[in-house]
Amino acid sequence: MNPFARRFQLVLFSVIALVLVVGPPGTPLRGQGDVPPQILHYADTILYNGKVLTADARFTTAQAVAVRDGRILAVGDNALIQKMAGPNTVRIDLQGGTATPGFIDSHSEGSAEGFHGPMGPYYLPNYASIRCEVVDECLRKTKEWVDKAPAGEWVFVNSIRTNAAYQVNIKMLDQISGDHPLLYNLDNTTGYVNSKALTVLKDYMSDEYVETGIFRDNEGKPTGRIGGAAYGVLTYELLPWPEGQRLENMIQKTATHLKFINRIGVTSLGARQSGLAISILREAQRRGQVPLRIRVGTEFFRLNPRPEAYAKRLGNMMDVGDEWFKIGAATVSSIDSVPLTRKPMQKAETWWAFDPYGQHKWRDMVQEGKDWKKYSDYYNALIAGKYGYNVSDFHIQGDAGIELALEVFDKINQTTPVKGKHYGMVHGLMRPADLAKRLAQYDAVLSMSSEYLFRGKGVEDLATRYGADEVAGMSPVRTVIDSGLRPVMEVTNGAAFRKAPSFAQKYLDEGNLFLEAMELFVTRKNESSGKIWGPSERVTRQEVLKMATAWAASFYGDEKIMGTIEPGKLADLVVLGGDYMTVPEEKISDLPILKVLVGGKITYDRSRDEPGYQETLKKIATQAAQGGVIEY
């Protein structure tokens, strides 16, 4: 036998022996028993001697987990996993603590400096946020910022939506704005402009979609109010793009922001993002400054006068990207909103209809009498669905909004199947069970918020407006689950890095806002009053962990690669200093986050990193106490 034949024979015998010991290719490592470690590559990292909550379909609990090449290698008992450790393996002793899948924030407010934001482009040098109760106060506060701005520069004033804020007009703004183009913003679909700003739109007024968003009086003269496509063209396309050091500062601030989000256990976040936000996120990630995965709901359909032209130019961009950054959805503007300060409080006869108890944004973004289904984002949503996009992040705060979204689903489904596309909605405040059942027919994904009922005193206003019994049925997570849907959890974390010092300090000091939100869904106890709202809608701690992990992965179609601790999935993990399954429900948020791993790499280690984070917090706290936008 020649040497080549002998070598071939030895290799063949080795392969046969390997298959006999390990099993054929693709055999899972779980349950293989005493696998000789020399047959396998050593694990890069093992976590052992704890409670590993896999969040899989059976909610399996294990003692240990092994990681290699950024993925879960095996899950099992201590004896099995320890055999996979080699001389260079990182060993993490859980010491009886808990390891869970990494938390996934499906609707992360403020995930980049240039993000969508209902309060506008924070990057503009002459940006301000005000509140006013009478018109003269609105104008006086606006003029203060106009007077500070360099000659000819844009001024963007965001006004909290009070009755007075809706009474300004173009003549008033012209009197105080001088040579500055001025946008007096009301929300993320409408605002008021002065004549100087309106001239910026003059080349677009021949477009019927833009024109319907320029409101006029009985004589045909502009009132100053703009909405819909006119607002979209102005804010997305015509406002200045930051450059030079200002853009660099935004990149650095975003990188710091994302590190703090990772610090609370978030390993993947998703949000609707503007083109500027996408550019900032991608650059920070390209530099290696982003310690988590990004999922984008692109906004190019949002308030766009030519959605079909964009779709034809870009094609179907769904799922373009990789495990770190991916376009996971297309988004359109908010369907509704609840103007807590604009309308008088009174009991609602029906649950959360549109005006006077909830703003109908799609209708209100175009001139009265115009076909809002043709000229609003109702139409844009249909176009997005037609071209194969997962239409997600429908901002909905009431049952009427759910009904309208279902109408859109029905229309898209006539030509393009909706089920299986992960169409999603955020906030999830609707109540009746029949709506959940209709959404279940499309396998829609509901992102549920803990903010409205369980944090602060806003729920008292809602109870006055709608009645306590009605409000107790909001955020009906139990009903949604029992209807066959798999809701996910959202955590609002944007205000911490902009304004709202009191909220900022709570988030920054405690650093476990995500665990706190999970606790609130389990207890449904308001943090301020201690009142439990809708105890029948409570969920178990197993279910809320799935909302934050396994089910959350489905919001952007990632359920096959993340969300559970199973062999082959991405090794995104959170290590808690305690037993998540036995700690009292009211103490879930007290569990310290000791480590966060993304792709098998430790991105946050409490003992290693916390001193540096505390120094940053001191800087932020000082700036927050002084008021204004935080710059660090």
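All figures in this text were calculated on a predicted structure; none of them were measured in a lab. (Residues numbered from 1 in each chain as written. Predicted model: local features only at pLDDT ≥ 70, side-chain atom pairs only at ≥ 80, totals over all residues. Heavy atoms only, no water.)

**Student:** For this particular structure, what's the right way to read helix α21 (residues 513-523)?
**Tutor:** Each α-helix turn comprises 3.6 residues. Residues three or four places apart therefore point the same way. In terms of burial, α21 is a largely internal element, eleven of the eleven residues being buried. Just downstream of α21, R524 is the residue with a positive phi angle, here 55 degrees. (Buried < 20%, exposed > 50% of the residue type's maximum accessible area, 1.4 Å probe, protein only. Helix = DSSP H or I, 4+ residues; strand = E, 2+ residues; numbered from the N terminus.)

**Student:** Can you help me understand the confidence of the model for the chain in this one?
**Tutor:** Do not read the fine detail of predicted coordinates wherever pLDDT is low. Overall, the predicted model of the chain reaches an average pLDDT of 84, with 83% of residues at or above 70. Confidence drops under a pLDDT of 50 for residues 7-33, and excluding neighbours within four residues, the segment shows 22 contacts in the predicted structure. Below a pLDDT of 50 lies the segment residues 114-119, which in the model reaches 26 contacts outside its immediate sequence neighbourhood of four places, other chains included. (pLDDT = per-residue confidence, 0-100. Contact = heavy atoms within 4.5 Å.)

**Student:** What exactly am I supposed to notice about the state of the cysteines here?
**Tutor:** Linking two cysteines covalently via their sulfur atoms produces the bond known as a disulfide. All told, the structure shown has one disulfide when counted by the stated rule. The residue that forms a disulfide with C132 is C138, at a sulfur-sulfur distance of 2.0 Å. Linking C132 and C138, the disulfide has an S-S dihedral of approximately 90 degrees and is accordingly described as right-handed. Summarising the burial analysis for this pair, C132 and C138 share the class buried. (Disulfide = S-S within 2.5 Å.)

**Student:** Just to check I follow, could you spell out the packing of aromatic side chains for this structure?
**Tutor:** Overall, the coordinates contain 18 aromatic pairs when judged by the stated rule. For the pair F103 and F514, a centre-to-centre distance of 5.1 Å together with 5 degrees between the ring planes defines the contact as stacked. Here F103, found in strand β8 (residues 103-105), pairs with F514, found in helix α21; they are 411 residues apart in sequence, far enough to count as distant. Here F103 matches F514 in class, with each residue buried. On the basis of an interplanar angle of 70 degrees and a centroid distance of 5.1 Å, the ring pair of F555 and Y556 is categorised as edge-to-face. The same class applies to F555 and to Y556, which are both buried. Taken together through their ring pairs, the aromatic side chains of W362, W372, Y378, F394, F409, Y423 and Y442 make up a single cluster. Between R293 and the ring centre of W324, over which it is positioned, the NZ or CZ distance is 4.2 Å. Between K531 and the ring centre of W533, over which it is positioned, the NZ or CZ distance is 4.7 Å. (Phe/Tyr/Trp six-rings, centres within 6.5 Å; stacked < 30°, edge-to-face > 60°. Lys NZ or Arg CZ within 6 Å of the ring centre and 35° of its normal.)

**Student:** Help me understand the pattern of salt bridges, please; the structure alone is not making it clear to me.
**Tutor:** Where charged atoms from two side chains of opposite charge approach closely, those side chains can pair. Evaluation of the coordinates by the stated rule reveals 30 salt bridges. A salt bridge links K326 to D558, with the nearest nitrogen and oxygen atoms 2.9 Å apart. Remark: D558 occurs in the loop between α22 (541-548) and β25 (573-576) and K326 occurs in strand β17 (residues 325-331); sequence separation between them is 232 residues. Of the two residues examined, K326 and D558, each falls in the buried class. The shortest N-O distance in the salt bridge between D482 and R478 comes to 3.4 Å. Linking D482 with R478, this pair stays in helix α19 (residues 477-482), spanning four residues, or about one helical turn. The structure contains a network of salt bridges with shared partners spanning E248, E283, R286 and R287. (Salt bridge = Lys/Arg side-chain N within 4 Å of Asp/Glu carboxyl O.)

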